[in-house]
Amino acid sequence: MTIFKEKLDEEYVTISEVKELLAEVEAERAADVDREMRYELARAIEHANTFAVLDADESRELVEELLELDQVDEVAAFKIADLLPQDRDELRSVFAHGRYSLDGDELDEILNVVAKYA
């Protein structure tokens, strides 16, 4: 017999937002002396602290600004906000999964938005 859990909601978040959420969890665990932090949680916190460059508000603003561009969908916007690509090749890797490719002007437009935050 297989037990399935129902997915109630799904929301994309940036690594910076994850860092804030995990900091809250870490503070809760630290307040309770009897509760130990699991290995997976400690690794997730370490990962978020290592790779989160922007603060949560800045990363959300970047996503909002990227979503205003026609060529950027939600998944790509969050991926770009996490990776902060610096050149066309790095940015192309974000769109590699798509069925279309962007020309140089479109890539430059996206990179200009990213440059405001990076």
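Whatever comes next refers back to the structure up there.
Residues numbered from 1 in each chain as written. Predicted model: local features only at pLDDT ≥ 70, side-chain atom pairs only at ≥ 80, totals over all residues. Heavy atoms only, no water.

**Points about unusual backbone geometry**
Okay, step 1: Within the chain, Leu-84 stands out as a residue other than glycine whose phi angle is a positive 45°.
Okay, step 2: Assessed through its relative accessible area of 8%, Leu-84 is described here as buried. (Buried < 20%, exposed > 50% of the residue type's maximum accessible area, 1.4 Å probe, protein only.)

**Some points on the environment of Ala-48**
Okay, step 1: Following the sequence through the fold, Ala-48 ends up in helix 2 (residues 39-51).
Okay, step 2: You can call Ala-48 buried: its relative accessible area is 1%.
Okay, step 3: Excluding residues within four positions of it along the chain, Ala-48 makes contact with Ile-15, Val-18, Lys-19 and Leu-22. (Helix = DSSP H or I, 4+ residues; strand = E, 2+ residues; numbered from the N terminus. Contact = heavy atoms within 4.5 Å.)

**Looking at the nonpolar core**
Soluble globular proteins: nonpolar side chains tend toward being buried together.
Okay, step 1: Membership of the largest hydrophobic core comes to 22 residues, with the highest contact counts inside it found for Leu-62, Leu-66, Val-72, Ile-80, Leu-91, Phe-95 and Ile-110.
Okay, step 2: Broken down by secondary-structure element, the contributors of at least two residues to this core are helix 3 (56-67), helix 4 (74-83), helix 5 (88-94) and helix 6 (104-117).
Okay, step 3: Here this core takes 6 residues from helix 6, the largest share from any one element.
Okay, step 4: In this structure, Ile-80 is in contact with Leu-66, Val-72, Pro-85, Leu-91, Val-94, Phe-95, Ile-110 and Val-114, ignoring residues within four places of it in sequence.
Okay, step 5: Listed in part, the 6 residues of the second largest apolar core include Leu-22, Leu-41, Ile-45 and Ala-48. (Core = buried A, V, L, I, M, F, W, Y, C linked by side-chain atoms within 4.5 Å.)

**A few points about a negative patch on the surface**
Okay, step 1: Taken together, the side chains of Glu-20, Glu-24, Glu-28, Asp-55, Asp-57, Glu-58, Glu-61, Glu-64 and Glu-68 make up a negatively charged region of the molecular surface.
Okay, step 2: Among the secondary structure elements, those contributing two or more residues to the negative patch are helix 1 (15-31) and helix 3.
Okay, step 3: When its relative accessible area of 56% is taken as the criterion, Asp-57 is described as exposed. (Patch = residues over 30% accessible without salt bridge, like charges linked within 9 Å, V, L, I, M, F, W, Y side chains within 5 Å. Areas by Shrake-Rupley, 256 points an atom, 1.4 Å probe, with all protein chains shown as cover. Salt bridge = Lys/Arg side-chain N within 4 Å of Asp/Glu carboxyl O. Lys, Arg positive; Asp, Glu negative; His and termini not counted. Charge placed at Lys NZ, Arg CZ, Asp CG, Glu CD.)

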